[in-house]
Amino acid sequence: DRTPPRWDRVTVALLVANAAGDALNLVTFFGAMERTTVAVAVLTHYLAPILVAVAAPYVERVRVRGASLAALVATAGLTLILAPWRPENRTGEVGVGALLGAVSAVAYAGNVFVVRHLAPRIGAARVMAYHSLLAAAVLLPFAGHELAAVTREDLALLSLGAVTIGTASGYAFVISLPVIGSARASVLTFFEPAVAVVVGWLVWGEALGALALLGG
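What counts and what doesn't
Residues numbered from 1 in each chain as written. Predicted model: local features only at pLDDT ≥ 70, side-chain atom pairs only at ≥ 80, totals over all residues. Heavy atoms only, no water. pLDDT = per-residue confidence, 0-100. Helix = DSSP H or I, 4+ residues; strand = E, 2+ residues; numbered from the N terminus. 1 Å grid on protein atoms, 1.4 Å probe; cavity = no way out; pocket = protein on both sides within 12 Å on 5 of 7 lines; lining within 4 Å. Points joined across faces, edges and corners; volume = space filled by probe spheres on them. Axes fitted to C-alpha atoms, helices over the stretch in contact; angles between N-to-C directions. Left-handed = near helix turned anticlockwise from the far one by under 90°. Contact = heavy atoms within 4.5 Å. Nonpolar A, V, L, I, M, F, W, Y, C, P; charged D, E, K, R; others polar. Core = buried A, V, L, I, M, F, W, Y, C linked by side-chain atoms within 4.5 Å. Buried < 20%, exposed > 50% of the residue type's maximum accessible area, 1.4 Å probe, protein only. Phe/Tyr/Trp six-rings, centres within 6.5 Å; stacked < 30°, edge-to-face > 60°. Salt bridge = Lys/Arg side-chain N within 4 Å of Asp/Glu carboxyl O.

Engineer: What's the story with the confidence of the model for the protein chain in this structure? I'm lost.
Structural biologist: For any part of a model where pLDDT is low, the fine detail of the predicted coordinates should not be relied upon. Overall, the prediction assigns the protein chain a mean pLDDT of 87, with 99% of residues at 70 or greater. Mean pLDDT across the elements of the protein chain ranges from a minimum in helix α9 (residues 191-203), with 81, to a maximum in helix α5 (residues 94-122), with 93.

Engineer: Can you walk me through the layout of surface pockets in this structure?
Structural biologist: Any empty space left between the atoms is revealed when a probe the size of a water molecule rolls over them. Its volume calculated, the second largest pocket comes out at about 200 Å³. The wall of the second largest pocket is formed by 13 residues, among which Ala74, Phe190, Ala194, Gly215 and Gly216 lie closest to the centre. Those elements giving two or more residues to the lining of the second largest pocket turn out to be α4 (67-82), α8 (182-188) and α9. The element contributing the most residues to the lining of the second largest pocket is α4, with 5 residues.

Engineer: So what exactly am I meant to see when it comes to the packing of helix α2 (residues 38-45) against α5 here?
Structural biologist: Between two packed helices, what matters for the description is the angle formed by their axes and the separation of those axes. At their nearest, the axes of α2 and α5 sit 7 Å apart, and the two run at 35 degrees to each other. Between α2 and α5 the crossing geometry is right-handed. Along its contact with α2, which presents Val40, Ala41, Thr44 and His45, the element α5 presents Val94, Gly97, Ala98, Gly101, Ala102, Ser104, Ala105 and Tyr108. Along the lines of polarity and charge, the residues of the contact of α2 with α5 split into 7 nonpolar, 5 polar and no charged.

Engineer: Just to check I follow, could you spell out the nonpolar core for this structure?
Structural biologist: Soluble globular proteins tend to bury their nonpolar side chains together. Ranked by internal contacts, the top residues of the largest apolar core, which has 27 residues, are Leu118, Val127 and Val174. If you list the elements that add at least two residues to this core, you get α1 (9-35), α3 (48-59), α4, α5, α6 (124-143), α7 (152-180) and α8. No other element matches the 9 residues that α5 contributes to this core. With residues up to four places along the chain from it excluded, the contact list for Leu118 reads Thr11, Leu14, Leu15, Asn18, Gly123 and Val127. In this structure, Phe29, Ala32, Ala41 and Leu82 belong to the second largest nonpolar core, which totals 10 residues.

Engineer: Which parts of the structure should I look at to understand the environment of Leu69?
Structural biologist: Secondary-structure assignment places Leu69 in helix α4. The class of Leu69 is exposed, set by a relative accessible area of 58%. C-alpha of Leu69 to C-alpha of Ala53: the two residues are 16 residues apart in sequence and 8.8 Å apart in space.

Engineer: Looking at this structure, how should I read the packing of aromatic side chains?
Structural biologist: To describe a pair of aromatic rings, you give the distance between the ring centres and the angle between the ring planes. A complete count under the given rule lists 3 aromatic pairs for this structure. Between the aromatic rings of Phe29 and Phe30, the centroid separation amounts to 5.6 Å while the plane-to-plane angle is 65 degrees, which identifies the pairing as edge-to-face. A centroid spacing of 5.4 Å and a plane angle of 40 degrees characterise the contact between Tyr46 and Phe190, whose relative ring orientation is tilted. Here Tyr46, found in the loop between α2 and α3, pairs with Phe190, found in the loop between α8 and α9; they are 144 residues apart in sequence, far enough to count as distant. In this structure, Tyr46 and Phe190 share a single accessibility class: buried.

Engineer: Can you help me understand the pattern of salt bridges in this one?
Structural biologist: A side chain with one charge can pair with a side chain of the opposite charge if their charged atoms come near. The full count for this structure, using the stated rule, is 4 salt bridges. In this structure, the salt-bridge partner of Asp8 is Arg121, at a minimum N-O distance of 3.0 Å. Within this pair, whereas Asp8 is found in the segment before α1, its partner Arg121 is found in helix α5, the two being separated by 113 residues in sequence. Residue Asp8 is classed as partly exposed on the basis of its relative accessible area, which comes to 27%. A salt bridge links Glu93 to Arg35, with the shortest nitrogen-to-oxygen separation between them at 3.6 Å. Highlighted residues: Glu93 in the loop between α4 and α5 and Arg35 in helix α1, separated in sequence by 58 residues. Residue class for Glu93 comes out partly exposed when judged on its relative accessible area of 41%.

Listed below in structure tokens is the structure:
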């Protein structure tokens, strides 16, 4: 980022809010997957684009025609892909898992608006670096003695994830926000589960039924 960062109380407050929201999003989303199925966790987490699309006209004073409808249609498609009505997709503590997933959606949606205002102040690269360091510091105590169980293979996977979905995709998302706005950017995140389903089908041979195709 070539633009000199603009450090003031507002910037610091936004950065702290970004780190806190990111930490809350991660803890609740992975907590949802731990308590129930991936289908329930992902479906409730993807309430976030709907929240952003609905709130954007009030937060950013910009109304994107069709954004809310697009988010609803995409949610319906995601529901067909995940098929939460199947018994095998509703195991564990479904209510608790769904609540945690919904909390992660609220945290994610809030972070979209925070980043939208923070990036012009310090740049996309600094947003990614600083908030990740702060969020890691917040989450470190939760790791506890489990850190000793991390193997070299685990570190390799973590590093790969940090470089790809952690940094590259996050940076692309942050620099897109000032260009297309929060509502459009959040709706486009529905490509994530669609890509995941295609990768599962192509790489791991997972079944891809007619409803999943229709949902995609």
